[in-house]
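Structural overview for review
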Amino acid sequence: MPDPASTLATIIDTAKKLREVAKKVQDAEVRNLVADLNLQLADLKLELAASREELATAREEIIRLNETVATGKVKVDLRSKIERRGKLYYLKEPVAGYDEGPYCVACFDGDGKLVLVSKLASTFKDLASHMCPKCEATY
């Protein structure tokens, strides 16, 4: 498939030659048709330039998304994916890179970070069953 830019350049060159021929011919209708053709070609050039810019932007976005996925820095809206069960948060559905839970309510509500809580030894079961290793909140 030929390059659209080279095809357009060929069309423009042909239109210029046609314009020169039309100057020699004194027919007003031919001149009007050549003028219309030139206007349509100018519009086509503008559309081609806009398409190239759009394509370049799309390619940059694809590269950025590929880098994001490759580095594992995909930002997931976790607020819609968690639910509170009892005093702790759990994931409603699996999310890549995260356990089901339980997660610290204080850390998530305060910092927006999911921090897995640790289960406490049975000797503390009257006080709490879980403790956050980051903020030390007990549940």
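The structure reproduced in this document is the subject of the present report. (Residues numbered from 1 in each chain as written. Predicted model: local features only at pLDDT ≥ 70, side-chain atom pairs only at ≥ 80, totals over all residues. Heavy atoms only, no water.)

1. Observations regarding the pattern of salt bridges
Two side chains bearing opposite charge may form a pair once their charged atoms approach each other closely. The condition that has to hold: Salt bridges, as used here, are contacts in which a Lys or Arg side-chain nitrogen is within 4 Å of a carboxyl oxygen on Asp or Glu. Segments assigned H or I by DSSP are reported as helices when at least four residues long, segments assigned E as strands when at least two residues long, and all are numbered from the N terminus. For every residue, the accessible area (1.4 Å probe, protein chains only) is compared with the maximum for its type, and the residue is labelled buried under 20%, exposed over 50%, or partly exposed between those bounds.
The final tally for this structure, using the stated rule, is seven salt bridges. For E61, the salt bridge goes to R64, with nearest N and O atoms at 2.6 Å. Of this pair, E61 and R64 both sit in helix α2 (residues 28-71), three residues apart, roughly one helical turn. Taking the relative accessible area as the measure of exposure, E61 reaches 35% and is therefore partly exposed.

2. Here's the deal with the nonpolar core
Inclusion rule: We define the nonpolar core as a collection of buried residues of types Ala, Val, Leu, Ile, Met, Phe, Trp, Tyr and Cys that are connected through side-chain atoms lying within 4.5 Å of one another. Contacts: residue pairs with any heavy atoms within 4.5 Å of one another.
Among the nonpolar cores identified, the biggest contains 17 residues, and C104 and L114 are the most heavily contacted of them. Elements with a minimum of two residues in this core: β2 (88-91) and α3 (105-111). Here this core gets four residues from one element, more than from any other, and that element is β2. Beyond its immediate stretch of four places on either side in the chain, C104 contacts Y89, V115, V117, C132, C135, A137 and Y139.

3. A few points about the pairing of strand β1 (residues 82-85)
Formally: Two strands qualify as a pair provided that DSSP identifies no fewer than 2 bridges between them.
As paired elements, β1 and β2 share four bridges and run antiparallel to each other. When the bridges of β2 are listed, R85 appears paired with L88. In this structure, the hairpin formed by β1 and β2 is closed by a connection of two residues, where G86 is found at a positive phi of approximately 70 degrees.

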